[in-house]
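Per-entry structural report
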Amino acid sequence: MCDTLIQAARQLSRSVDTIQFAPPVTYVYNPLHYAWPAHEQYLQHWGTGPRRVVFLGMNPGPWGMVQTGVPFGDVGMVRDWLGLEASVAKPPDEHPARPVQGWDCPRGEVSGQRLWGLFAARFGNPERFFRHHFVANYCPLAFMEASGRNRTPDKLSPTERARLLPVCDEHLRAVCRVLQPEYLVGVGRFACMRARTALKDVQVTVVQVLHPSPASPRANQGWAEQATRQLVDLGIW
């Protein structure tokens, strides 16, 4: 099964590389390209479905998947808990304030620390977590403005979204065909909305949990406890 996920990720990477983006987007990072060995290793190790639950993020964070090629990929969590450490190169056009340092990145990804930290605390080891769960991202690209500010997919122009979203929708459907989840958990509102659109004809229950980003005041008030309560109330845990 992981071979099919790998093929789907390769196709997604090729497809998004053909899309042009205009200012205020000035830099576009595609971790499925420059960090492909790490992403492929993630799929090979942990993408051997089916999975009852798929958690879906929005797109790579500058200190997470941008550095490691893994969704919500805080360096410490990916290396020390997931046990992955494949090679990571650099994007062809790199913002000086947002360097890709791979496993040497000194900054942590708070969202990734919170998400993977919750899974580590609840399941103990990744084998137990991945027995019934998987984590994916909706969009594989990270977008940055000239200042280095992160620009999320929902802030792209209508023309850019019209080109990008159908490609990401198709990849999400391919992931669900392989993993056959009972639940698709959108981590945050955007991921949930896109999943409901992309999977409207797929037999899967799409739900939402609070995003762990520190930009969310609610997430800074005990995110793990709130997310756990949501998942228990939904009947997932």
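Notes on the structure in this doc start here. (Residues numbered from 1 in each chain as written. Predicted model: local features only at pLDDT ≥ 70, side-chain atom pairs only at ≥ 80, totals over all residues. Heavy atoms only, no water.)

1. Some remarks on the sheet that holds strand E6 (residues 183-187)
Our working definition: The pairing criterion for strands is at least two bridges between them, as found by DSSP. Comment: elements are numbered from the N terminus, with helices defined as DSSP H or I runs of at least four residues and strands as E runs of at least two. Lines fitted to C-alpha atoms define the axes here, with helix axes fitted over just the stretch in contact, and angles between the N-to-C directions of these axes take values from 0 to 180 degrees.
Read from one edge of the open sheet, four strands run E3-E2-E6-E7, paired in parallel fashion. In the strand order of this sheet, the two ends are held by strand E3 (133-137) and strand E7 (205-209), each with one partner. If you compare each strand with its neighbour and ignore which way they point, the axes differ by 25° on average. Sheet analysis places E6 next to E7, joined by five bridges and oriented parallel. Considered in E7, the bridge of Val187 is made with Val209.

2. A word on the sheet that holds strand E5 (residues 150-151)
Hydrogen bonds between backbone groups are what pair the strands of a sheet, and the pairing can be parallel or antiparallel. Spatial strand order, E1-E4-E5: three strands in an open sheet with antiparallel pairing. Each edge of the sheet is formed by a strand with only one pairing partner; in this case those strands are strand E1 (27-29) and E5. Note: strand E4 (residues 142-144) against E5, two bridges, orientation antiparallel. Residue pairing for E5: Phe143 is matched across the bridge by Arg151.

3. Thoughts on unusual backbone geometry
Operational definition: Between buried and exposed lies partly exposed: a residue is buried under 20% and exposed over 50% of the maximum accessible area for its type, with that area taken using a 1.4 Å probe on protein chains only.
Cis geometry is found at the peptide bond from Pro23 to Pro24, where omega equals 15°. Note that Pro24 resides in the loop between helix H1 (2-17) and E1. The backbone of Phe72 sits at a positive phi, close to 55°, despite the residue not being glycine. For Phe72, a relative accessible area of 8% translates into the label buried. At Gln180, a position not held by glycine, the phi torsion is positive, near 50°. Along the polypeptide, Gln180 turns up in the loop between helix H8 (158-179) and E6.

4. Thoughts on the packing of aromatic side chains
Selection criterion: Each pair of aromatic rings taken from Phe, Tyr and Trp, with Trp reduced to its six-membered ring, is defined by centres within 6.5 Å and is described as stacked if the planes are under 30 degrees apart, edge-to-face if over 60, and tilted in the remaining cases.
Taken as a whole and judged by the stated rule, the model has 19 aromatic pairs. Between Trp116 and Phe119, the ring centres sit 5.7 Å apart and the planes meet at 85°, which makes this aromatic pair edge-to-face. Linking Trp116 with Phe119, this pair stays in helix H6 (residues 110-123), spanning three residues, or about one helical turn. Since its relative accessible area comes to 0%, Trp116 is described here as buried. Assessed through its relative accessible area of 1%, Phe119 is described here as buried. Between Phe123 and Phe129 the ring centres are 5.6 Å apart and the planes differ by 65°, which places this aromatic pair in the edge-to-face class. Per residue, the accessibility class of Phe123 equals that of Phe129, and both read buried.

5. Here's the deal with the pattern of salt bridges
Put simply, the rule reads: The rule for a salt bridge is simple: a side-chain nitrogen of Lys or Arg has to be within 4 Å of a carboxyl oxygen of Asp or Glu.
All told, the structure shown has nine salt bridges when counted by the stated rule. Across the pair Glu145 and Arg151 runs a salt bridge, and its minimum N-O distance is 2.8 Å. On the basis of relative accessible area, Glu145 is assigned to the buried category, the value being 12%. Each of Glu170, Arg173 and Arg177 takes part in one network of salt bridges that share partners.

So yeah, pure geometry; function would need other evidence.
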